[in-house]
Number of protein chains: 2
Amino acid sequence: MSNSKKLNIVIIGYGTGGMTAAAYAKNTCRECNIIVFEKRPYPVYHPCALPDVIAGYLRPEDVIEHKPLTPGIKVQTSTEVKRIDLNNRRIQYHSVNDEGVVEYDKLILAMGSTPSAPGPLREALKIKDVYTLKTLEDAMTIRRKALSSKEAVVIGAGPIGIETAIALRELGLKVYLIEALSEVLPTALDKDIGSIVRRMLVEEDIEVLVNAPVSEVSRQGDKVLVKASDKQFLVDMVVLATGMKPNSKLAVEAGIKANEKGFIIVDEYLRTSDEDTYAVGDLIQTWDYITRKPTISMLATTAFHQGRIAGINSVGGNEKYPGTLSPFILKTGKIAAGSTGLTKTKAEQLGFKAYSARVLGWDKPHYMPNADKVYVKIVYDDKQRIIGGQVVCRECDVSKYVDIISTLIKLNANVETLIELETSYMPRLSDVYTPLYTAGEAILRRIKRKK
Amino acid sequence: MSNSKKLNIVIIGYGTGGMTAAAYAKNTCRECNIIVFEKRPYPVYHPCALPDVIAGYLRPEDVIEHKPLTPGIKVQTSTEVKRIDLNNRRIQYHSVNDEGVVEYDKLILAMGSTPSAPGPLREALKIKDVYTLKTLEDAMTIRRKALSSKEAVVIGAGPIGIETAIALRELGLKVYLIEALSEVLPTALDKDIGSIVRRMLVEEDIEVLVNAPVSEVSRQGDKVLVKASDKQFLVDMVVLATGMKPNSKLAVEAGIKANEKGFIIVDEYLRTSDEDTYAVGDLIQTWDYITRKPTISMLATTAFHQGRIAGINSVGGNEKYPGTLSPFILKTGKIAAGSTGLTKTKAEQLGFKAYSARVLGWDKPHYMPNADKVYVKIVYDDKQRIIGGQVVCRECDVSKYVDIISTLIKLNANVETLIELETSYMPRLSDVYTPLYTAGEAILRRIKRKK
C-alpha cells in the first residue's frame with residue numbers, strides 16, 4: 001500500500017479525526033510529508049474531558065498537549081486555512097506571523113464542528129453570560145463564571161447538556177436543565193430509558209423540564225432571563241447545549257459537496273466530491289452501520305475510525321469505512337448511561353419491525369457493598385438479530401455492557417447469543433451472569449410464548 | 001419442552017450448578033417436584049467472595065442466604081445423601097433428625113469439589129494451623145487465626161492462593177506465596193503474562209517463590225515449618241491452595257462413570273453414563289469450547305451454564321452444552337488479571353499453530369488521574385481466528401476486556417475484528433480506542449510484514 005512517490009498530504013484540523021488521519025498516513029507512508037494546519041495555539045486538546053474541567057476534577061493544563069501525537073509530522077498551530085483551491089491542489093493559510101500557500105497531493109478535511117443554536121436561540125449567543133461548550137477556553141470561562149454564580153440554566157439535555165448541568169451542580173449551583181423534546185437524551189435513548197435518566201438527574205438535584213422549547217433568552221440587569229413553556233428563570237448564567245454544526249464553510253466555498261445542513265458528503269472511502277479530498281469526523285454526513293442510511297455521528301470514536309481510513313487512503317490505500325453504531329456513553333455524578341446501534345424508536349422510524357426487552361439486573365452480586373442496579377434494553381429485529389442496546393445505571397461500568405452489545409451487533413449476533421455468552425465472574429467486578437444474560441432470557445421467553 | 005407428567009427431580013448439592021439446575025427445571029416445568037439435598041445448614045453461600053471475608057471486606061453473614069433462590073422448590077439443608085440407587089432410581093439420605101428414601105425420575109449431581117493436595121502435601125492437611133479454603137467456615141477460621149498471626153505461607157499460586165495471600169497481607173501478615181511450577185497462575189496465563197502478575201505481587205509486599213515444590217510441612221512447637229526448594233519458613237499458619245478434587249465418590253460407588261481423576265464423564269446433554277442422571281459443575285470433566293477436548297473448568301460461570309442445560313434437560317429438554325472458554329478474572333489489592341480461551345502454551349500443547357501479540361495500553365486517557373496501564377495478549381491461530389486472550393492491569397475493569405474477547409471467540413471472530421470494534425469513549429471510563437484495538441494493530445502489522 002505504501003507509495004514510493006513522496007506525497008504531500010495536507011490535513012486541516014488536528015482534532016481526533018485529523019490526528020488519527022495524520023498518524024495513519026505517516027505510518028503507512030514514512031516518506032510522505034504530512035502537514036496539519038490547526039487554528040489553536042496548541043496542537044492537542046481533549047474536548048470530552050471539558051465537563052471535568054468545569055467541575056474542577058481536571059485542570060485546564062491536563063487536557064491539552066504541546067506536541068503532536070505522531071513523530072515526523074508537521075502540525076502548524078495558530079494557523080488558519082483561508083482558501084482551498086481544488087483545481088490547483090493548494091491551500092492558502094495565514095497565521096499571526098505569516099501567510100502562504102502549500103500545495104498538496106491529497107487533502108484531508110477535519111475541521112470539526114461548532115456549537116449551534118436553533119432559530120430563536122441564535123441571537124441568545126450574543127448575550128452576556130450565555131455560553132456554549134466546545135473549546136477549553138469555553139470550559140474555563142464557564143468555570144470562572146460558575147464560581148461566582150448561584151443559579152444556572154442549561155438548554156438542551158443531550159450528553160453535553162447533562163454533563164455540564166452535573167458539573168455546575170457539583171460546583172454548588174442550582175441548575176435548571178431545559179429540553180425542547182419530550183425526554184432527556186432524546187436521540188440516544190428510547191423514552192422509557194430516558195425517563196430513568198431524568199429521574200436520576202432529579203435525584204442529583206437538577207431541576208429538569210422536558211417538552212419545554214425556549215421562547216426567550218434576554219438580559220435583565222445583571223441576570224439572564226430564560227422563558228420556556230409557561231415558566232421563567234432569572235439566573236446568573238446560561239449554557240446552550242443545543243447541538244453542533246459542521247465547520248464546512250471553507251470546503252463548500254471551494255466547491256465540495258455538502259448536504260442541506262452543511263455536512264460534507266463522502267463515499268465509502270471517505271472521499272468527497274473532489275477525488276483528491278477526503279473528509280472525516282464531525283464535519284461529514286456518515287452512515288449507520290446497520291441500515292447504511294445517512295446519519296450524523298459527532299463522536300470522537302467515529303472520527304477516530306474515519307481518520308484511520310482517510311489517513312491510509314490518502315497515501316494510496318483502499319480501505320472502506322463500514323459505517324457507525326454511534327456507541328455513546330455518559331458518566332457523571334451518580335449517573336451512567338449508554339447506547340449503541342438503533343433505539344427502538346429509530347428502528348421503527350426506519351421501517352424495521354423492531355422488538356425490545358428491558359430488564360433490571362445487577363452489575364455485581366447483591367451482597368457486595370458497591371453492587372449497582374443496571375437497566376438493560378435490547379432491541380432486535382424480526383430475524384432476531386440484535387440491532388441496538390441501551391444501558392442505565394449509577395456507578396456500574398456502563399462501557400462494558402455497551403461494548404459487548406456493539407461487538408454482538410458488529411458480528412451479526414442473534415438474541416440467543418446473549419444467553420450463550422460466557423462472561424467472567426468475580427464478586428468485586430461482576431456476577432455469575434450479567435444483565436445482558438437476563439435480557440436474553442426475557443427475549444427468548446417472549447419468543448417462545450409467541451410460537 | 002414442558003412435560004405434562006409430574007416428574008420428581010432430585011438434585012444433590014445447592015452450589016451454583018445445583019441452584020441453577022433447580023431454577024431452570026422449575027421454570028421449565030412448573031408442575032414438577034424439585035427436591036435439592038444440601039449438607040450445609042443454610043442453602044446458599046458464595047464461595048468466590050471468601051477472600052473478602054478473610055480480609056474483612058465482607059462479613060460472614062453477607063455471603064450466605066437463608067432461602068433458596070427459586071420459589072416452589074424444596075431445598076433440604078443439613079442433609080447428606082448416603083447412597084444412590086440407579087436401578088431403582090432412588091436416593092437414601094440422612095440428616096440430624098431423620099433419614100429416608102426419595103424416588104426420582106431424573107437425578108442431577110452437583111456435589112462440587114473439595115480442596116486437595118498432591119502426594120507429599122496430603123498429610124499436611126492434618127497439621128494444626130494448616131488450612132484450606134472452600135467453605136465459609138474455612139474463611140472464618142483462617143481470618144480468626146490470621147488476626148493473631150504474624151507470618152503465613154500460602155502454597156499454590158492459582159487464583160485462590162493469590163487472593164488468599166493478598167487478603168492475609170491486607171490483615172498485616174508477612175506472606176510467602178510458594179508455587180511448584182515455574183510461574184504464578186500457571187494454567188490461566190502464559191509465562192510472560194504470569195511474570196507481570198508476579199512482579200505486582202512482589203510490589204504488594206508478598207514474597208513469591210516459583211519453581212519451588214514443597215518438600216516438607218511439619219509442626220515445630222507453636223509454628224509450622226515449610227520447606228520448599230532450598231528455603232524454609234517457620235510461620236504461624238499455612239494455607240494450602242493446591243487445587244480441588246471432585247466430590248464424586250457417591251456417584252462412582254453407584255456405578256456412574258468417571259475419568260481417572262474422579263471427574264464424572266458426561267455427554268453434550270450433560271447426561272452421565274446413567275441415562276437418568278445428569279451432572280454439572282466442578283464435579284464433571286467438561287470440554288473446551290474451541291478444541292472440544294476434555295478439560296476441567298472449576299468456575300462458577302461454567303457451573304451456571306451447565307446447570308441451565310441440565311435443569312432444562314432433566315424435565316424433557318434437549319439442550320446441548322457447547323463447552324467452555326473458562327473465562328477467569330482475578331481482582332485483589334492492586335492487581336487485576338484475567339484470561340479466556342486458550343493460552344499460547346496450551347494451544348501449542350494441543351497442536352495448534354498459535355501466534356500471539358502482547359501490547360501495553362491504557363484503560364482511560366493518560367491525563368485522567370485514575371488512568372491505568374493494561375497489558376493485553378491476544379492468541380490467534382493460522383487462520384487468524386482469535387482463540388484466546390489474557391489481560392493484566394492494576395485497577396482497570398479487567399472483566400470488560402475479558403468479556404469482549406470471549407464474545408469475539410464465541411462468534412468466531414478474526415483478528416481484524418479487533419480494529420473494527422467500535423468501543424465507547426468517555427474519559428472517566430475509557431479512551432477513544434481500547435488496548436484490544438492496539439493488540440489488533442500489532443497483529444495486523446505482523447501479518448502484513450510476513451506477506
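Residues numbered from 1 in each chain as written. Chains lettered and ligands numbered in written order. Predicted model: local features only at pLDDT ≥ 70, side-chain atom pairs only at ≥ 80, totals over all residues.

(A) Molecular detail of the pairing of strand S28 (residues 386–393) of chain B. All names here are of chain B. Taking burial as the measure, the eight residues of S28 include eight buried ones, the bulk of the element. Sheet topology note: the strand S25 (residues 335–341)/S28 ladder contains six bridges and is antiparallel. Paired with Thr340 across the bridge in S28 is Gly389. Sheet topology places strand S27 (residues 373–380) next to S28; seven bridges connect them, and they run antiparallel. Each residue of the ladder has a partner; that of Val374, found in S28, is Cys393. In this structure, the hairpin formed by S27 and S28 is closed by a connection of five residues, where Gln384 is found at a positive phi of approximately 65°. (Buried ≥ 20, exposed ≤ 12 C-beta atoms within 10 Å, placed from the backbone. Helix = DSSP H or I, 4+ residues; strand = E, 2+ residues; numbered from the N terminus. Pairing = 2+ DSSP bridges.)

(B) View of the relation of the copies chain B and chain A. Expressed as a screw operation, the relation of chain B to chain A combines 0.0 Å of axial shift with a rotation of 180°, fitting to an RMSD of 0.0 Å. Overall, the copies show the geometry of a two-fold rotation axis. Proximity to the rotation axis, assessed at the C-alpha, singles out Lys400 of chain B in chain B; its C-alpha lies 2.5 Å from the axis. Of the residues that chain B buries at the interface, 96% are likewise interface residues in chain A, meaning the two copies contact each other through the same surface. (Least-squares fit on C-alpha atoms with pLDDT ≥ 70 in both. Contact = placed C-beta atoms within 7 Å.)

(C) Molecular detail of the sheet that holds strand S14 (residues 206–209) of chain A. Residue and element names in this part refer to chain A. Read from one edge of the open sheet, five strands run S11-S18-S12-S13-S14, paired in parallel fashion. For this open sheet the edge positions go to strand S11 (130–131) and S14, each flanked by a neighbour on one side alone. Sheet topology note: the strand S12 (residues 151–155)/strand S13 (residues 174–178) ladder contains five bridges and is parallel. Across the sheet, residue Val154 finds its bridge partner in S13, namely Leu177. Helix H4 (residues 159–170) contacts S12, S13, S14 and strand S18 (237–240) of the sheet and is inclined by roughly 170° relative to S13. (Axes fitted to C-alpha atoms, helices over the stretch in contact; angles between N-to-C directions.)

(D) Structural detail: the domain arrangement of chain A. All names here are of chain A. Split into domains, chain A comes out as domain 1 (8–53 + 62–114 + 245–314), domain 2 (117–242) and domain 3 (337–446). Averaged C-alpha coordinates put domain 1 and domain 2 at centres separated by 30 Å. The interface is formed by eight residues belonging to domain 1 together with nine residues belonging to domain 2. Element by element, the count of residues in the side of domain 1 that touches domain 2 is highest for helix H2 (residues 50–55), at three residues. Here the residues of the side of domain 1 that touches domain 2 are counted per class, giving seven nonpolar, one polar and no charged. (Domains from an automatic or database assignment. Nonpolar A, V, L, I, M, F, W, Y, C, P; charged D, E, K, R; others polar.)

(E) Quick peek at the sheet that holds strand S23 (residues 294–295) of chain B. Residues and elements named next belong to chain B. In spatial order, the strands read S20-S22-S23; together these three strands make up an open sheet with mixed pairing. Strands with a single pairing partner mark the edges of an open sheet, and in this sheet they are strand S20 (264–265) and S23. Pairing of strand S22 (residues 284–287) with S23 involves two bridges; the strand directions are antiparallel. Within S23, the residue paired with Trp287 across the bridge is Pro294.

(F) Inspection of the confidence of the model for chain A at higher detail. Across chain A, pLDDT averages 96, with 99% of residues at or above 70. Reported confidences for the modelled complex are a pTM of 0.96 and an ipTM of 0.95. (pLDDT = per-residue confidence, 0-100.)

(G) Fine view of the environment of Ile91 of chain A. Residue and element names in this part refer to chain A. Among the secondary structure elements, Ile91 is positioned in strand S7 (residues 90–95). Among the residues examined, Ile91 registers 23 C-beta atoms within 10 Å and is labelled buried. Separated by 153 residues in the primary sequence, Ile91 and Met244 have C-alpha atoms spaced 26 Å apart.

(H) Summary view of the interface of chain B and chain A. Each side of the interface is counted separately: chain B has 49 residues, and chain A has 47 residues. Breaking the side of chain B that touches chain A down by element, the ones donating at least two residues are helix H7 (300–314), strand S24 (328–332) and helix H9 (398–410) of chain B. The element contributing the most residues to the side of chain B that touches chain A is H9 of chain B, with ten residues.

(I) Structural context of unusual backbone geometry. All names here are of chain A. Not every positive phi belongs to a glycine, and Asp129 is a case in point at roughly 70°. Positionally, Asp129 belongs in the loop between strand S10 (113–115) and S11. According to the C-beta neighbour criterion, Asp129 is partly exposed, with 17 such atoms within 10 Å. A positive phi angle is found at Leu185, which is not glycine, with a value near 50°. Looking at the element boundaries, Leu185 is found in the loop between S13 and helix H5 (191–203).

(J) Focus on the packing of helix H9 (residues 398–410) of chain A against H9 of chain B. Contact pair H9 of chain A / H9 of chain B: the axes reach a minimum separation of 10 Å and the direction vectors enclose 15°. By the angle between their directions, the pair H9 of chain A and H9 of chain B is classed as roughly parallel. At the point where H9 of chain A passes H9 of chain B, the crossing takes the right-handed sense. On H9 of chain B, the residues touching Ser399, Lys400, Asp403, Ile404, Thr407 and Leu408 of chain A of H9 of chain A are Ser399, Lys400, Asp403, Ile404, Thr407 and Leu408 of chain B. Class assignment of the residues belonging to the contact of H9 of chain A with H9 of chain B gives a composition of four nonpolar, four polar and four charged. (Parallel < 35°, antiparallel > 145°, perpendicular 65-115°, else oblique. Left-handed = near helix turned anticlockwise from the far one by under 90°.)

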